Amino acid sequence: MSYRNAIDLLTIAAHAASARGISLEEISEILERDYRTSQRVIAALRERFPELDHFRDEESGKTRWRLPNKAIAPLLVPTAEELAALTLAEEMLTNGAGADQVQALRSLHAKILALIPSERSRKIEADEEALLVALGHATRPGPRPVGRETIDLAISTALKGTSRLRIRYRGWKDAVSRERTVAPHGLLLGARRYLVAVDLEKVGGGIQHFRVDAIEEAVVLPESFVRKSGFDLDTHAERCFGSYQQEDGIHDVAWRFAANAASRAEGFLFHPSQIVEHEPGGSLLVRFRASGLLEMCWHLYMWGDAVEVISPPELISMVNAYRRSDFASMP
């Protein structure tokens, strides 16, 4: 069996060990092969794993194949590289996410370690430690808001239980904080974290963003709420340039990066909807639709005069006076 075929077979074996098993159509989709190849994969799987069983799916009426977990358990031991990546992710999340997410990841790490057969665990842990020493500690340099565990936990609890949340919040224009009762719909993560919620005491009940670092107190209330009909966090997030969202409407945005900045700009996904055009002379035109002109300004400043705003006119007037040529580097 070739190296490539062995990898494909192990990939399908892992899917077959799930509770749902796997169908021929799914094998074709996963491996990007034709139906006949899927049949050959099942034959090879049966040859190497006699425990392979098949059953008829009641919903689709199609045949599915399933392997007992114990048949491939020895093949699913994580590698030192995977465990090192998990440890690095824990450290990175400590600098950005809420305390409950960090704790959940640490708990997952401990469970994975506990499931590794003892005869292999010592070597894997030693290899993981060596990798971490070689890679150095993961960190996120630069300024960042300081999180508070009690507030992070309250937000997480309210999101999971669809519970109302009473917060004491001080917006940047507020002289003093005030109490609000909100219906949490999600979190936006970025340079700052924003709670996406409906202010239940505000007429109209629209979606708002609340800076998590500006929440002074948060209490989960016993009352639940009904999520706003049709709301989807991913779709909502795509309206924004970043995590901060102004009520300035959605704009058709176009930026032209100079030829000397084009290769750098190609390495960025500025927005999920972006369209990139290579222009004569080497410049790069990036187009997308989003709101949040102020956060666009914050980002564009880093590029100095290597980027020109083509549209919208409001953004042109906001940035043109602040473009400069003396930055030693670009993002």
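Keep in mind it's a predicted model, so treat the numbers as computed, not measured. Per chain, the residues get numbers from 1 upward, laid out in the order the sequence is written. Note on the predicted model: pLDDT of at least 70 is required for a residue's local features to be given, and 80 or more for side-chain atom pairs to be given and counted; whole-chain, interface and lining totals, by contrast, use all residues. Only hydrogens and water are removed before side-chain values are computed, so all heavy atoms of the structure are retained for them.

Enquirer: Would you take a moment to explain a nonpolar patch on the surface for this structure?
Expert: Patch definition: residues with relative accessible area over 30% and no salt bridge; like charges joined within 9 Å; nonpolar side chains (Val, Leu, Ile, Met, Phe, Trp, Tyr) joined within 5 Å. Where accessible areas are quoted, they stem from the Shrake-Rupley method and a 1.4 Å probe; at the residue level, only the protein chains shown are allowed to cover. By salt bridge we mean one thing: a side-chain nitrogen of Lys or Arg within 4 Å of a carboxyl oxygen of Asp or Glu. On the surface, Y301, Y322 and F327 cluster together to form a nonpolar patch covering roughly 310 Å² of accessible area. The helix and strand labels rest on DSSP assignments: H or I over at least four residues marks a helix, E over at least two residues marks a strand, and numbering proceeds from the N terminus. Locating Y322 in the fold gives a position in the segment after α12 (313-319).

Enquirer: Please explain the packing of aromatic side chains as it appears in this structure.
Expert: Pairs of aromatic rings are described using the distance from one ring centre to the other and the angle between the two planes. Pairs were defined over the aromatic rings of Phe, Tyr and Trp, the Trp ring being its six-membered one, requiring ring centres within 6.5 Å. Orientation was assigned from the angle between planes: stacked under 30 degrees, edge-to-face over 60, tilted for the rest. Going through the model one piece at a time under the given rule, you end up with 12 aromatic pairs. Note on W255 and F270: the rings are 5.6 Å apart at their centroids and 80 degrees apart in plane angle, and the pair reads as edge-to-face. Here the residue W255 occupies a position in strand β9 (residues 251-257), and F270 occupies one in the loop between α10 (259-266) and β10 (275-278), the gap between them amounting to 15 residues. No difference in accessibility class separates W255 from F270, as the two residues are buried. When the centroid spacing of 4.9 Å and the interplanar angle of 70 degrees are considered together, the rings of F257 and W303 count as edge-to-face. Taken together, the residues span a long stretch of sequence, with F257 in strand β9 and W303 in the loop between α11 (293-301) and β12 (307-311) at a distance of 46 residues. The pair formed by F257 and W303 is uniform in burial state, with each residue classed as buried. Through pairs of rings, three or more aromatic residues link up here, namely F241, W255, F257, F268, F270, F288 and W303. Type-normalised accessible area, obtained with a 1.4 Å probe on protein chains alone, sets the label of each residue: buried when under 20%, exposed when over 50%, and partly exposed for intermediate values.

Enquirer: I keep staring at helix α3 (residues 35-48) and nothing clicks. Help me out?
Expert: In an α-helix, one turn spans 3.6 residues, which is why side chains three or four residues apart end up on the same side. Between its first and last C-alpha, α3 extends 20 Å over 14 residues, near the 20 Å set by a 1.5 Å rise per residue. Those residues of α3 lying buried are T37, S38, V41, I42, A44 and L45. On an axial view of α3, the arc spanned by its buried residues comes to 165 degrees, and they lie on one face. Of the exposed residues in α3, those oriented more than 90 degrees away from the buried face are R36, R40 and E47. Here the expected length of a helix is defined as 1.5 Å per residue gap, with one fewer gap than residues. When we speak of the arc, we mean the arc of directions from the helix axis to the C-beta atoms.

Enquirer: When you look at the packing of helix α2 (residues 24-31) against α3 in this model, what are you seeing that I'm missing?
Expert: Two quantities define a packed helix pair, namely the angle between the helix axes and the distance between the axes. Interaxial distance between α2 and α3 falls to 8 Å at its minimum, and their mutual angle equals 105 degrees. With respect to each other, α2 and α3 are oriented roughly perpendicular. Here L24, E25, I27, S28 and L31 of α2 lie close against α3, whose contacting residues are Y35, S38, Q39, V41 and I42. We call Asp, Glu, Lys and Arg charged. Ala, Val, Leu, Ile, Met, Phe, Trp, Tyr, Cys and Pro are nonpolar, and the rest, Gly among them, are polar. Per-class residue counts for the contact of α2 with α3 are six nonpolar, three polar and one charged. Orientation is described by lines fitted to C-alpha atoms, with helices fitted over the stretch in contact, and by angles between N-to-C directions that extend from 0 to 180 degrees. Oblique is the label for any angle not under 35 degrees, not over 145, and not in the 65 to 115 range, which are roughly parallel, roughly antiparallel and roughly perpendicular in turn. Contacts: residue pairs with any heavy atoms within 4.5 Å of one another.

Enquirer: Sorry, what's going on with the confidence of the model for the chain here?
Expert: Predicted coordinates in regions of low pLDDT should not be interpreted in detail. Residue-level confidence of the predictor is what pLDDT reports, using numbers from 0 through 100. In the predicted model, the chain carries a mean pLDDT of 82, and 81% of its residues have values of at least 70. When mean pLDDT is taken per element in the chain, β12 scores highest with 96 and helix α7 (residues 118-135) scores lowest with 57.

Enquirer: Can you walk me through the sheet that holds β12 in this structure?
Expert: Note: strands within a sheet are paired through backbone hydrogen bonds, in either parallel or antiparallel orientation. With antiparallel pairing, the four strands of this open sheet are ordered in space as β10-β11-β9-β12. Of all the strands in the sheet, the pair left with one neighbour each is β10 and β12. Each neighbouring strand pair of the sheet contributes to a mean axis angle of 20 degrees, computed without reference to strand direction. Should DSSP find at least two bridges between two strands, the strands are regarded as paired. Sheet topology note: the β10/strand β11 (residues 284-290) ladder contains four bridges and is antiparallel. Following the sheet pairing, V276 is matched in β11 by V286. Where α11 meets the sheet, it contacts β9, β11 and β12, and its direction lies at approximately 10 degrees from that of β9.

Enquirer: Can you walk me through the nonpolar core in this structure?
Expert: Side chains that are nonpolar tend, in soluble globular proteins, to be buried together. Residues belong to one nonpolar core when they are buried, are Ala, Val, Leu, Ile, Met, Phe, Trp, Tyr or Cys, and are joined through side-chain atoms within 4.5 Å. Grouped together as the largest cluster of nonpolar side chains are 22 residues, with contacts concentrated most on W255, F257, F270, F288, M296 and L315. Those elements that place two or more of their residues in this core are β9, α10, β11, α11, β12 and α12. Excluding anything up to four places from it in sequence, M296 contacts F241, V253, W255, F288, A290, S291 and L315. If you look at the next biggest cluster of nonpolar residues, it comprises 19 residues, including A17, L24, V41 and L67.

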